[in-house]
Amino acid sequence: DSGVTQTPKHLITATGQRVTLRCSPRSGDLSVYWYQQSLDQGLQFLIQYYNGEERAKGNILERFSAQQFPDLHSELNLSSLELGDSALYFCASSPRTGGNSPLHFGNGTRLTVT
Amino acid sequence: AQSVTQLGSHVSVSEGALVLLRCNYSSSVPPYLFWYVQYPNQGLQLLLKYTSAATLVKGINGFEAEFKKSETSFHLTKPSAHMSDAAEYFCAVSVARAGNMLTFGGGTRLMVKP
């Protein structure tokens, strides 16, 4: 158990809809990362938050947004969903934003857009 | 920007045989290197990490990897494969100034034959 909790585990929704994925980091970790895993794109970094502030952005679509709350949990919001958004979305956490601490991953949310 | 290439998207070995999973990286600054394993329907679990200390790194489950700067490689090995090693393995790189953000290779699926 990595200590990173993601909910829900599975999500099935229709095109055009909006969903929210939730992540609770390991106790004491201030940094949260979101990744998307799909068969054609592999593991792609989306966005990073550190102690409530956005720190880095990767290949995140404008239809997607995220935030980190004062209690350090994070939410990834996906809107105007398309079939191609179907993927496994991972959240990871680490104690800080610099240095060489490894990321600890949750078990992911599998999103299916029909 | 840093990148990772994993040679061989699928590797098949017999139980008891040597496991060798190849990873080459590209980075303009000294990198931190990681190997993660992903079992079906699970998140990524850290196997081992290289963070500029010893070049031969030992990880969990009998795996080890050697950092070779001259070859820009960080290959993962295990002397004797077990059936339970069947999974997908990801090599990843980060650099200090990128705030722990991991860039992943495409992954190698390891199959172990009885």
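Above this text sits the structure in question.
Everything numeric in this text was worked out from a predicted model, so none of it was measured.

Counting across every chain of the model gives 14 aromatic pairs over all chains. An aromatic cluster of at least three residues, connected via ring pairs, comprises Y35, F45, F90 and F105 of chain A together with F34, Y36, F90 and F104 of chain B.

Turning to the interface of chain B and chain A, a few remarks are in order. Listed by partner, the interface residues are 19 residues for chain B and 21 residues for chain A. Between chain B and chain A, the buried area comes to about 1600 Å², and carbon and sulfur atoms account for 55% of it. Where chain B meets chain A, there are zero salt bridges. Applying the counting rule to chain B against chain A returns four residue pairs in polar contact (both at pLDDT 80 or more). For the side of chain B that touches chain A, the elements supplying multiple residues, two or more each, are β4 (32-38) and β5 (44-50) of chain B.

Enumeration over the complete set of coordinates arrives at two disulfides over all chains. In this model, C23 of chain A is linked to C91 of chain A through a disulfide, with the two sulfur atoms separated by 1.8 Å. Residues C23 of chain A and C91 of chain A are joined by a disulfide whose S-S torsion is about -55°; by sign, that bridge is left-handed. With a gap of 68 residues between them, C23 of chain A in strand β3 (residues 19-24) and C91 of chain A in strand β9 (residues 87-94) connect regions that are remote in the sequence. This pair shows no difference in class: C23 of chain A is buried, exactly as C91 of chain A is. Note on cysteine connectivity: C23 of chain B is disulfide-linked to C91 of chain B, with sulfurs 2.0 Å apart. When the S-S torsion is -60°, as for the bridge of C23 of chain B with C91 of chain B, the disulfide is left-handed. In this pair, C23 of chain B sits in strand β3 (residues 19-26) while C91 of chain B sits in strand β9 (residues 87-94), placing the two residues 68 residues apart along the sequence. Grouping residues by exposure puts C23 of chain B and C91 of chain B together as buried.

Rules and cut-offs
Residues numbered from 1 in each chain as written. Chains lettered and ligands numbered in written order. Predicted model: local features only at pLDDT ≥ 70, side-chain atom pairs only at ≥ 80, totals over all residues. Heavy atoms only, no water. Phe/Tyr/Trp six-rings, centres within 6.5 Å; stacked < 30°, edge-to-face > 60°. Contact = heavy atoms within 4.5 Å. Buried area = accessible area lost by both parts, 1.4 Å probe. Salt bridge = Lys/Arg side-chain N within 4 Å of Asp/Glu carboxyl O. Polar contact = N/O pair within 3.5 Å; in protein donor to acceptor, adjacent residues only side chain to side chain. Helix = DSSP H or I, 4+ residues; strand = E, 2+ residues; numbered from the N terminus. Disulfide = S-S within 2.5 Å. Buried < 20%, exposed > 50% of the residue type's maximum accessible area, 1.4 Å probe, protein only.

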